[in-house]
Amino acid sequence: MKAPAKLKTLKDLEQTIAAQKRQRATDERPVVTVSAGTCGRARGSLKVLDALNASLRKAKLDKKVNIRVTGCHGFCEAEPNLIIHPGGLFYQKVDPKHAEGIVVETIKNKKTIKSLLYKDPITGKSAAKEKTISFYKKQKRIVLGDNALIDPTRIDDYLAIGGYGTLAKVLSKMPPDKVIAEVKTSGLRGRGGAGFPTGLKWELARKQKAEPKSIICNADEGDPGAYMDRSLLEGNPHRVLEGMMIGAFAIGASEGVVFVRDEYPLAVKHVTMAIEALRERGLLGKNILGTGFDFDLQIAKGAGAFVCGEETAMIASIEGYVGEPRQRPPYPAEKGLNGKPTVINNVETWGTVPLILAKGGAWFAKIGTESSKGTKIFALVGKINNTGLVEVPMGTTLREVIYEIGGGIPGGKKFKAVQTGGPSGGCLPTSKLDLPIDYESLTAAGSIMGSGGMIVMDDKTCMVDLAKYFLNFLRDESCGKCISCREGTQRMYEIVTRIAEGKGKPDDIELLEELAQACKDASMCGLGQTAANPVLSTLRYFRKEFEAHIKEKRCPAGVCKSLIRYAVLPDKCTGCLSCKKACPNDCIHGTLREVHLIDQEKCIKCGACYEACRFEAVETQRDEAIVIMEGAR
Amino acid sequence: MDVQTESVNAFVRKHKNQKKALIAILQDIQAEYKYLPREALQQVSRSLGVPLIDVIGVATFYRAFSLKPRGRHVITVCLGTACHVRGGPKILEEFERRLGIAAGDTTGDGIFTLETVACLGCCAIGPVVVIDGDYHAQTSIRKAEAIIKQYMNK
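What counts and how
Residues numbered from 1 in each chain as written. Chains lettered and ligands numbered in written order. Predicted model: local features only at pLDDT ≥ 70, side-chain atom pairs only at ≥ 80, totals over all residues. Heavy atoms only, no water. Helix = DSSP H or I, 4+ residues; strand = E, 2+ residues; numbered from the N terminus. Rg over C-alpha atoms; globule rule 2.2 N^0.38 Å. Buried < 20%, exposed > 50% of the residue type's maximum accessible area, 1.4 Å probe, protein only. Contact = heavy atoms within 4.5 Å. Areas by Shrake-Rupley, 256 points an atom, 1.4 Å probe, with all protein chains shown as cover. Pairing = 2+ DSSP bridges. Axes fitted to C-alpha atoms, helices over the stretch in contact; angles between N-to-C directions. Salt bridge = Lys/Arg side-chain N within 4 Å of Asp/Glu carboxyl O. Buried area = accessible area lost by both parts, 1.4 Å probe. Polar contact = N/O pair within 3.5 Å; in protein donor to acceptor, adjacent residues only side chain to side chain. Nonpolar A, V, L, I, M, F, W, Y, C, P; charged D, E, K, R; others polar. pLDDT = per-residue confidence, 0-100. Phe/Tyr/Trp six-rings, centres within 6.5 Å; stacked < 30°, edge-to-face > 60°. Core = buried A, V, L, I, M, F, W, Y, C linked by side-chain atoms within 4.5 Å. Domains from an automatic or database assignment.

1. Observations concerning the overall build of chain A
Consideration 1: Helix and strand counts for chain A come out as 25 helices and 20 strands.
Consideration 2: In terms of overall size, chain A behaves like a compact globule, its C-alpha atoms giving a radius of gyration of 27 Å where 633 residues would be expected to give roughly 26 Å.
Consideration 3: Across its three principal directions, the C-alpha atoms of chain A cover 85 × 65 × 40 Å.
Consideration 4: Among the 633 residues that make up chain A, the fraction classed as buried is 60%.
Consideration 5: When contacts within chain A are restricted to residue pairs at least 6 apart in sequence, those whose partners lie at least 24 apart make up 71%.
Consideration 6: Of the roughly 25100 Å² of accessible surface on chain A, 52% is carried by carbon and sulfur atoms.

2. Remarks on the sheet that holds strand 3 (residues 82–85) of chain A
What holds strands together in a sheet is hydrogen bonding between their backbones, with the strands either parallel or antiparallel.
Residues and elements named next belong to chain A.
Consideration 1: The sheet built from four strands is open, its strands ordered 2-1-3-4 with mixed pairing. The sheet is open, and its two borders are formed by strand 2 (66–70) and strand 4 (89–91), each paired with just one other strand. Direction aside, the axes of adjacent strands within the sheet are offset by 20 degrees on average.
Consideration 2: In terms of strand pairing, strand 3 meets strand 4 through three bridges, oriented antiparallel. Within strand 4, the residue paired with Leu 82 across the bridge is Tyr 91.

3. Some details on the pattern of salt bridges
Residues and elements named next belong to chain A.
Consideration 1: Tallying each qualifying case throughout the model produces 45 salt bridges over all chains.
Consideration 2: Glu 404 is the partner of Lys 138 in a salt bridge, and the nearest nitrogen-oxygen pair spans 3.0 Å. In this pair, Lys 138 is assigned in the loop between helix 5 (134–137) and helix 6 (155–160) and Glu 404 in helix 16 (residues 398–405), connecting sequence segments 266 residues apart.
Consideration 3: Taking relative accessible area as the criterion, Lys 138 reaches 38% and is therefore assigned partly exposed.
Consideration 4: Glu 404 sits in the partly exposed class, given a relative accessible area of 40%.
Consideration 5: Measuring nitrogen to oxygen at the nearest pair gives 2.7 Å for the salt bridge that ties Asp 296 to Arg 279.

4. Topic: the interface of chain A and chain B
Consideration 1: The partner chain B presents 39 residues to the 60 residues of chain A that form the contact.
Consideration 2: Interface area for chain A against chain B, summed over the two sides, is near 3800 Å², with a carbon-plus-sulfur share of 57%.
Consideration 3: Counting the surface chain A buries against chain B, the share from its top three residues, Ala303(A), Tyr469(A) and Glu611(A), is 15%.
Consideration 4: On inspection of chain A and its partner chain B, the count reaches four salt bridges.
Consideration 5: At the boundary of chain A and chain B, one finds 24 residue pairs in polar contact (both at pLDDT 80 or more).
Consideration 6: By residue number, the principal contributor to the side of chain A that touches chain B is helix 18 (residues 463–477) of chain A, which donates seven residues.
Consideration 7: Class assignment for the residues of the side of chain A that touches chain B results in 31 nonpolar, 13 polar and 16 charged.

5. A short note on the sheet that holds strand 15 (residues 426–429) of chain A
Residue and element names in this part refer to chain A.
Consideration 1: Read across the open sheet, the five strands follow the order 13-12-16-14-15; overall the sheet is mixed. Bordering the open sheet on either side are strand 13 (388–393) and strand 15, each of which pairs with just one other strand. Strand after strand, the sheet turns through a mean of 30 degrees between neighbouring axes, direction not considered.
Consideration 2: Across six bridges, strand 12 (residues 375–382) lies against strand 13 in antiparallel orientation. Paired with Phe 378 across the bridge in strand 13 is Val 390.
Consideration 3: The sheet strands contacting helix 10 (residues 228–235) are strand 12, strand 13 and strand 16 (453–458), and the helix crosses strand 12 at an angle near 115 degrees.

6. What about the confidence of the model for chain B?
Residue and element names in this part refer to chain B.
Consideration 1: Confidence in the prediction of chain B, expressed as mean pLDDT, is 93, and 99% of residues score 70 or more.
Consideration 2: Mean pLDDT across the elements of chain B ranges from a minimum in helix 5 (residues 81–85), with 89, to a maximum in helix 4 (residues 52–61), with 97.
Consideration 3: Confidence metrics for the complex model read pTM 0.94 and ipTM 0.93.

7. Comments concerning the pairing of strand 2 of chain A
Side-chain direction in a regular strand flips from residue to residue, so the side chains alternate between the two faces of the sheet.
All names here are of chain A.
Consideration 1: Counting buried residues along strand 2, five of its five residues qualify, which places the element largely inside the surrounding structure.
Consideration 2: The two faces of strand 2 match: Asn 66, Arg 68 and Thr 70 on one face and Ile 67 and Val 69 on the other face are all buried.
Consideration 3: With five bridges connecting them, strand 1 (residues 31–35) and strand 2 associate as parallel partners. When the sheet's bridge partners are listed, Val 34 is paired in strand 2 with Val 69.

8. Notes on the packing of aromatic side chains
Residue and element names in this part refer to chain A.
Consideration 1: What the rule picks out here adds up to 16 aromatic pairs over all chains.
Consideration 2: Look at Tyr 158 and Tyr 164: their rings are 5.2 Å apart centre to centre, the planes differ by 85 degrees, and that puts the pair in the edge-to-face class. Comparing Tyr 158 with Tyr 164, the two get one shared label, buried.
Consideration 3: Ring geometry for Tyr 469 against Phe 470: centres 5.0 Å apart, planes inclined by 70 degrees, an arrangement best described as edge-to-face. The residues Tyr 469 and Phe 470 share a single accessibility class, namely buried.
Consideration 4: Aromatic rings pair up to connect Phe 75, Phe 90, Tyr 118, Phe 135 and Tyr 136 into one cluster.

9. Details of the nonpolar core
Consideration 1: Formed by 122 residues in total, the largest nonpolar core has its most connected members in Tyr164(A), Trp202(A), Leu241(A) and Val258(A).
Consideration 2: When residues in this core are grouped by element, the largest group, nine residues, is from helix 11 (residues 237–251) of chain A.
Consideration 3: The residues contacting Trp202(A), other than those within four sequence positions of it, are Val179(A), Ile180(A), Val183(A), Gly247(A), Ala250(A), Ile251(A), Val343(A), Asn345(A), Trp350(A) and Val353(A).
Consideration 4: One finds Ala305(A), Cys519(A), Ala532(A) and Ala59(B) within the second-largest nonpolar core, a separate group that totals 69 residues.

10. Here's the deal with the domain arrangement of chain A
Residue and element names in this part refer to chain A.
Consideration 1: Assigned domains within chain A: domain 1 (10–133), domain 2 (162–365), domain 3 (375–458), domain 4 (463–551) and domain 5 (561–630).
Consideration 2: Measuring from the centre of the C-alpha atoms in domain 2 to the corresponding centre in domain 3 gives 27 Å.
Consideration 3: The partner domain 3 presents 21 residues to the 16 residues of domain 2 that form the contact.
Consideration 4: In terms of surface lost to domain 3, no three residues of domain 2 exceed Arg 191, Tyr 227 and Met 228, which account for 36% of the buried area on that side.
Consideration 5: Applying the counting criterion to the domain 2 and domain 3 interface returns two salt bridges.
Consideration 6: Measuring nitrogen to oxygen at the nearest pair gives 3.3 Å for the salt bridge that ties Glu 440 to Arg 189.
Consideration 7: Where domain 2 packs against domain 3, one counts eight residue pairs in polar contact (both at pLDDT 80 or more).

This is the structure we're talking about:
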């Protein structure tokens, strides 16, 4: 294949965009988009793709239908899914065996296959189109929405939706100061967690004299439970790169680095391809498009250290050192990569930039609340019906996100808490459901916005166990530089562990609170300063649960292993043998159609029987043995 | 492990002998050998002119690097928050039980290495277990045995 011509002038770029747009507008073939992000692929979307292609060939329609392999459409629960245009028909949970039917019924005969439509978990009604599905209805997908329109491996697809048009506009008409002014007007704040105003950061770096300046895209999405950055990099890498180029032009940076997690192989692949495509078209290097703008990009892959999400640790890692943060100031905007001014923004922030420059800062500032502008993408996961990536205007309430978009809690269970902000965030209870989501309100409630993870929990989640989980994560990921964080997270973990094991002491809660405060006050970077949040917020809202573990040696949610036992309920057991077969330790007695019995002596409390039972006949009970022991003392 | 000096040097050259590329060089070596052999680290230290203690410092700081040889198949159990609330730890325990090793170790026959990861960002399909790059969605305690059998003879 011939290499595409290099774009040498702004006019070249504008003409190429116009040509791609025209080509897309005049292509009258139906389009089938196959959602093939990491989640989609894990659920078999590539097999669906193969089956679709085979069925199209068989029906001799392969030249008459445009199959577009896209990134994630955000509705992870419905993977693998297809959107068929014109019309926007949305088919969910598609299996390769459905391919033939889709080709014959829908593409050829223009009929809808009802069984493949999304069914609302609350109303039970089917919805045929993206627009009518409750999950999408309340969203405002200005950043993530384009994922469904493009094949992320093809730069031409991005150009066909006007991509790099904003860069052309900026390079031709806007001096750097005006670009920064526009970003300041927009009110955009960093989407990575801390919420620092992006325009101010840029301005600070712009004012520095030292050169060469750099920009970094923070794609080291380390918060467990958040994956919007992965989705955006996988599904629309050029959008992020365009934002970076605009930012580089504004602050006068000539070097850019995408620092991406190695745990995201598809994102690494797509962003690598995107950078290669830019280079091939002459959009990277010296004197880009003849405008005098010099800029180049490279990739640095993270090696698995959560602390590298902290900007000074990230810079150390890119420079080849151990990823330990350093004292700020000087801020990276003054002294960053290689000691030169550096602006670090996260994927979502960079991905929002082209939009602001295209539509204007004032337009963006109209969306959201007084202090938090625009939209934010949340990863709605955990015990929720509609798992997925949700993009909503700031100020939307937790209730709207969890119930109207998320479709509530599965299995008719009760909502207990939502964890926001990852390991630096906190758990918010039912009483906070009507909280409008913005940076300030979440902080006031004891949590943070963070990168946007939103993990929903039902009454089967134990808050002590959750606090233990985050502390275990943090003690593992603490880089060890500050003693307050290194030892503080370790000691807090030990205390919460003993509470979970029923060995908690009466003054453990106070001790936890004291340690938490010390960790917050004496640690240097964000990791240590916020490490106590998961403990403090669970203590704030779920203190009774901690007390139940300490005083009554009871785990109300039935999770903490030392305090529970599994038992078969005789009136519900049908004697189906499922639990017996599932037990890895052969400790369930009983024959067919006879009530089963768990040998408590042998039981290792793995939960396999609980998982296997279809009749809710296995339940977790308070482990009486412990209570008896306590009574004897 | 028979480490070829030349192949290590090739990785160093690929990154233009730059000290700041240390992590990228170690990533390449690990991709080749599945772990970081002692000889390779010594060679990197010599070629780059970085003290061995700093090379080891980096190799032990980052979670992605392993100083121990790893098995033919690497089983990675996701313990992200979403996988955690959906039962990830129980699945890890089941793998530990069935393989007779703790997370981070390799079976005596060298077939399996069991590892954990803090989050793979596929929270919707959790609990997730990844084996040699293949994602297994919505795993459960019961699926562990079948997964092990599937890879046992591969």
